[in-house]
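This is what each chain is made of:
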Amino acid sequence: MMTMEGVVLKLPSFTQLMNPNHFTNRTSLNFRFTFPKYSSSSTASLSVPAAAPVSLGHSTRPDFEILHQKVNNGSKLVYLDNAATSQKPSAVIDAVNNYYRSYNSNVHRGIHFLSARATDEYEMARRKVAAFINASESSEIVFTRNATEAINLVAYSWGMSNLKPKDEIVLTIAEHHSAIVPWQLLSEKTGAVLKFVSLTEDEVPDTKMLQELVSKKTKLVVVHHVSNMLASVLPINEIVQWAHDVGAKVLVDACQSVPHMVVDVQNLGVDFLVASSHKMCGPTGVGFLYGKSELLAAMPPFLGGGEMISDVFLDHSTYADPPSRFEAGTPAIGEAIGLGAAIDYLSEIGMQKIHDYEVDLANYLYESLGTVPGVRIYGPAPSATVHRAALCSFNVEGLHPTDIATFLDQQHGVAIRSGHHCAQPLHRYLGINASARASLYFYNTKEDVDDFVRGLVDTVDFFNSFK
Amino acid sequence: MNSATATIFRPPTLSILPPNSYNLTPPRIQYKPNQSNPRTISTRSLQISHRKHITPPHPPEHSTTTLTVAEKLQILDTEFKSLPEPIDRVKRLLHYASLLPEFDESGRVESDRVTGCTAQVWLEVTFDVEGSMRFRVDSDSEITKGFCYCLIWLLDGAAAGDVLEIRVDDLGEMNVGILPIRASSRVNTWHNVLISMQRRTKALIMEAYGDPSLPLLP
């Protein structure tokens, strides 16, 4: 059985990279819990002990204005779709706002003041990402539109120049579509073969099978770190060891791990790792690829255009060094700066603290949801050694997940996801067409879970009353 | 909008309340029970008396009211506008879902599946000798079935030209939420169903006539 990885690794020393004055403009994260208006009277206040512990969820919620609203028929919003995208704290919104208000300009070649400042901030964001995942150097971080583009970059650039017919790529059936389809396209172009790892009885990817599938034919292993549907965590260190033993490279889809736990690419030993900004409190429109510098240096360009060239002649061009080689055209400057602000925000809280809180929240979610009659939760059961991510994909007997999600939204203000979560092969393997998914982040609380479960019970009762 | 009529209703046969009933209740799509569909007249009819549910529709004594697609569109629009509370819309849709004849398992074939939806939908499209389009649809989601029932009521028996003229925007009110849907997404399953109805209608006409312009004319 797998255990959470990387949780005791040292925290990135990102703060050394940042302007020491940076935090002075930000609201302190400590004890910013604001009591509801109705409890502001002295009588009501007495009901809250002065020393009552304030959870991370409660203390950070004030930073997320969007969470404090009513939706649909006046229900309090309970946002549980964080695996799809996270909300953004005011610090991130302010950073993007400040960029456009104060120093919006194109980066890298402008000689003027604004361009120099924008370039500084953009490259600072790259350094923050590098420090956050403990990359050796910031040039190992390539900004992309999202994680999907980062995977495609590796597929087209590294894949096209390194794979030949009958070479093998090993993946699991639990990969997100964006970590399957690019390799299918590559397979059509190169003749490389895709090999898929299925699940164990515990509904986690079968790592023993993966180990057996890895052979000298294997050139690449593509795996998720944390499953967006099963909530399981793969032992990346071991997988990297097996792959490297046969000379294969490893690409890790870390979209569901980087936002929630300490991820150290050097400790994990991965060759490529991708993640997206919008799932970690940052803006949409930017993601990143981590690649070992020697690999990136040997890779040809992915897209052609400005930024990525060294010299352009009419009949040929020479290309810039990484990461610029892979960042053709004007990048998402404001978004990258916003991602940098998100990393500041997460790091100030501490990724270990976020992870610990979410493990507790994950167990609470799993246990609470499990009490609903007819519910089936997918993925491994939590235990002392199995830590699930703070999400549950589930179905309720006799009800379609989209009907559940619709009613929860309209009647209870609870935002969950329904569908196949971009994991159709996994759903097919589990014998289902769709599932519902509640996914939490550190600004969620046990009260959110209670609201969700209460709403779900009412939803089930409602639909069953029509049968 | 073309004014093709839907005179050759297949089950479920639909009509609306006579106009003078509008003074008492909001316009409501009515359903004439189909004896060949036991689901609609036995257990499913029980839901009508559910305390939370809508007033049961009275089976019309004379169900031959002929409406144009444009008129039906207007009725649907009014129908949804008359339900400002999402829960009432869900109840209405669940009621309509109960009126939609289910496919046999053998009818849920992959070739008839409408892809790209969050729920599974199967759509059967035929073209009858009278020149009308015939649609049957089923889904594994009750709310989706409710929407599909509305589409069937709107377009089953219509001329191909009328089917092709309908735009998603024409049905902006047909939504569980109170905000009109103005953008197509994977969630809006009925958008995909409507587009599939139109695509397959066009394909059938092309197959039958080679030139879509002839039968599409009103």
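Residues numbered from 1 in each chain as written. Chains lettered and ligands numbered in written order. Predicted model: local features only at pLDDT ≥ 70, side-chain atom pairs only at ≥ 80, totals over all residues. Heavy atoms only, no water.

1. Considerations on the overall build of chain B
Part 1 of the argument: Broken down by element type, chain B carries 7 helices and 4 strands.
Part 2 of the argument: Relative to its 218 residues, chain B shows a buried fraction of 56%.
Part 3 of the argument: When contacts within chain B are restricted to residue pairs at least 6 apart in sequence, long-range pairs at least 24 apart make up 68% of them.
Part 4 of the argument: Carbon and sulfur atoms make up 54% of the accessible area of chain B, which totals about 10,100 Å². (Helix = DSSP H or I, 4+ residues; strand = E, 2+ residues; numbered from the N terminus. Buried < 20%, exposed > 50% of the residue type's maximum accessible area, 1.4 Å probe, protein only. Contact = heavy atoms within 4.5 Å. Areas by Shrake-Rupley, 256 points an atom, 1.4 Å probe, with all protein chains shown as cover.)

2. A few points about the sheet that holds strand β8 (residues 249–253) of chain A
Residue and element names in this part refer to chain A.
Part 1 of the argument: With mixed pairing, the 7 strands of this open sheet are ordered in space as β4-β10-β9-β8-β7-β5-β6. Of all the strands in the sheet, just β4 (141–144) and β6 (193–197) have a single pairing partner and so form its edges. Each strand axis lies, on average, 20 degrees off the axis of its neighbour in the sheet, ignoring direction.
Part 2 of the argument: For strand β5 (residues 168–172) and strand β7 (residues 218–224), the ladder comprises 4 bridges, and the chain directions are parallel. Looking across to β7, one finds that E168 is bridged to T218.
Part 3 of the argument: Along the sheet face, helix α5 (residues 147–162) touches β4, β7, β8, β9 (272–276) and β10 (287–291) and points at about 150 degrees away from the line of β9. (Pairing = 2+ DSSP bridges. Axes fitted to C-alpha atoms, helices over the stretch in contact; angles between N-to-C directions.)

3. Examining helix α3 (residues 90–103) of chain A
Residues and elements named next belong to chain A.
Part 1 of the argument: For α3, built from 14 residues, the straight-helix expectation of 20 Å at 1.5 Å per residue is met to within 8% by its first-to-last C-alpha distance of 19 Å.
Part 2 of the argument: For α3, the set of buried residues is A91, V92, A95, Y99 and Y103. All buried residues of α3 lie within an arc of 105 degrees about the axis, which places them on one face of the element.
Part 3 of the argument: Of the surrounding elements, those touching the buried residues of α3 are α4 (113–132) and α11 (333–349). (Expected span 1.5 Å × (residues − 1). Arc of directions from axis to C-beta.)

4. Some points on the pattern of salt bridges
Pairs may arise between side chains of opposite charge once their charged atoms sit close together.
Residues and elements named next belong to chain A.
Part 1 of the argument: According to the stated counting rule, one finds 24 salt bridges over all chains in the structure shown.
Part 2 of the argument: Among the salt bridges present, the one from K219 reaches D167, with a minimum N-O distance of 3.8 Å. Remark: D167 occurs in the loop between α5 and β5 and K219 occurs in strand β7; sequence separation between them is 52 residues.
Part 3 of the argument: Among the ionic pairs, R454 bridges to D451, the shortest N-O distance being 2.6 Å. Linking R454 with D451, this pair stays in helix α15 (residues 446–464), spanning 3 residues, or about one helical turn.
Part 4 of the argument: Owing to a relative accessible area of 54%, R454 belongs among the exposed residues under this scheme.
Part 5 of the argument: The buried category is assigned to D451, whose relative accessible area is 19%.
Part 6 of the argument: Here the salt bridges do not stand alone but share partners, grouping K76, D451 and R454 into one network. (Salt bridge = Lys/Arg side-chain N within 4 Å of Asp/Glu carboxyl O.)

5. Let's talk about the nonpolar core
Soluble, globular proteins show a tendency: their nonpolar side chains are buried together.
Part 1 of the argument: L273, I416, F442 and F452 of chain A are the most contacted members of the largest nonpolar core, which has 151 residues in total.
Part 2 of the argument: Excluding anything up to four places from it in sequence, I416 of chain A contacts L80, F394, I404, A405, L408, A436, R437, A438 and F452 of chain A. (Core = buried A, V, L, I, M, F, W, Y, C linked by side-chain atoms within 4.5 Å.)

6. With respect to α15 of chain A
Part 1 of the argument: Here α15 of chain A contains 19 residues, and its C-alpha end-to-end distance of 27 Å stays within 8% of the 27 Å for a straight helix at 1.5 Å per residue.
Part 2 of the argument: Those residues of α15 of chain A not exposed but buried are D448, V449, D451, F452, V453, G455, L456, T459, V460, F462 and F463 of chain A.

7. A word on the side chain of D112 of chain B
Residue and element names in this part refer to chain B.
Part 1 of the argument: Among the structural elements, D112 can be located in the loop between α3 (86–99) and β3 (121–127).
Part 2 of the argument: With relative accessibility at 18%, the residue D112 sits in the buried group.
Part 3 of the argument: Excluding residues that lie within four positions of it along the chain, D112 makes contacts with G107, V121, W122, L123, E124 and R200.

8. Remarks on the interface of chain B and chain A
It is common to report an interface's size as the accessible area lost on association of the parts.
Part 1 of the argument: With 22 residues of chain B in contact, the opposing surface of chain A contributes 17 residues.
Part 2 of the argument: Summing both partners gives a buried area of about 1,700 Å² for chain B against chain A, and 61% of it is carried by carbon and sulfur.
Part 3 of the argument: Seen at the junction of chain B and chain A, the total is 0 salt bridges.
Part 4 of the argument: Linking chain B with chain A are 4 residue pairs in polar contact (both at pLDDT 80 or more), by the criterion used here.
Part 5 of the argument: If you tally residues by element for the side of chain B that touches chain A, the top one is α3 of chain B, at 5 residues.
Part 6 of the argument: Residue composition of the side of chain B that touches chain A, by class: 7 nonpolar, 8 polar and 7 charged. (Buried area = accessible area lost by both parts, 1.4 Å probe. Polar contact = N/O pair within 3.5 Å; in protein donor to acceptor, adjacent residues only side chain to side chain. Nonpolar A, V, L, I, M, F, W, Y, C, P; charged D, E, K, R; others polar.)

9. Looking at the pairing of β10 of chain A
Residues and elements named next belong to chain A.
Part 1 of the argument: In terms of burial, β10 is a largely internal element, 5 of the 5 residues being buried.
Part 2 of the argument: Side-chain alternation along β10 places G287, L289 and G291 on one buried face and F288 and Y290 on a second face that is also buried.
Part 3 of the argument: As judged from the 4 bridges shared by β4 and β10, these two strands associate in the antiparallel manner. Within the sheet, the bridge partner assigned to T144 lies in β10 and is G287.

10. A look at the sheet that holds strand β16 (residues 417–419) of chain A
Residues and elements named next belong to chain A.
Part 1 of the argument: Spatial ordering of the open sheet is given by β13-β14-β17-β16, a layout of 4 strands whose pairing is antiparallel. Each edge of the sheet is formed by a strand with only one pairing partner; in this case those strands are β13 (375–377) and β16. Within the sheet, the average angular offset between the axes of one strand and its neighbour, ignoring direction, is 30 degrees.
Part 2 of the argument: In terms of strand pairing, strand β14 (residues 391–396) meets strand β17 (residues 435–439) through 4 bridges, oriented antiparallel. Residue pairing for β17: S393 is matched across the bridge by R437.

11. Examining the environment of S139 of chain B
Residues and elements named next belong to chain B.
Part 1 of the argument: Among the structural elements, S139 can be located in strand β4 (residues 133–139).
Part 2 of the argument: By relative accessible area, which is 2% here, S139 ends up buried.
Part 3 of the argument: Put simply, S139 and W122 are 17 residues apart on the chain and 6.2 Å apart in space, counted from C-alpha to C-alpha.
Part 4 of the argument: Beyond its immediate sequence surroundings of up to four residues, S139 is in contact with R108, A119, Q120, V121, W122, T144 and K145.
Part 5 of the argument: A distance of 2.8 Å separates a polar side-chain atom of S139 from the backbone oxygen of Q120.
Part 6 of the argument: Reaching out from S139, the side chain makes a polar contact with the backbone nitrogen of S141 at a distance of 3.0 Å.

12. Here's the deal with unusual backbone geometry
As a rule of thumb, non-glycine residues mostly have phi less than zero, and peptide bonds are mostly trans rather than cis.
Part 1 of the argument: Note the cis peptide between P322 of chain A and P323 of chain A, where omega equals 5 degrees.
Part 2 of the argument: Relative to the assigned elements, P323 of chain A resides in the loop between β12 (317–319) and α11.

13. Thoughts on the side chain of S132 of chain B
Residue and element names in this part refer to chain B.
Part 1 of the argument: Turning to its location among the elements, S132 is positioned in the loop between β3 and β4.
Part 2 of the argument: The buried category is assigned to S132, whose relative accessible area is 6%.
Part 3 of the argument: Side-chain polar atoms of S132 contact the backbone oxygen of G157, separated by 3.4 Å.

14. So, the packing of aromatic side chains
Part 1 of the argument: Enumeration according to the criterion identifies 19 aromatic pairs over all chains in this entry.
Part 2 of the argument: Seen in terms of ring centroids, Y345 of chain A and F442 of chain A are 6.1 Å apart; in terms of plane orientation they differ by 35 degrees. Their pairing is tilted. Separated by 97 residues along the polypeptide, Y345 of chain A in helix α11 and F442 of chain A in the loop between β17 and α15 bring together distant segments of the chain.
Part 3 of the argument: Relative to F463 of chain A, the ring of F462 of chain A lies with its centre 5.4 Å away and its plane at 90 degrees, an arrangement referred to as edge-to-face. Each member of the pair, F462 of chain A together with F463 of chain A, is buried.
Part 4 of the argument: Taken together through their ring pairs, the aromatic side chains of F64, Y345, Y441, F442 and Y443 of chain A make up a single cluster.
Part 5 of the argument: For the cation-ring pair, K72 of chain B lies above W153 of chain B, with the distance from its terminal atom to the ring centre recorded as 5.1 Å. (Phe/Tyr/Trp six-rings, centres within 6.5 Å; stacked < 30°, edge-to-face > 60°. Lys NZ or Arg CZ within 6 Å of the ring centre and 35° of its normal.)

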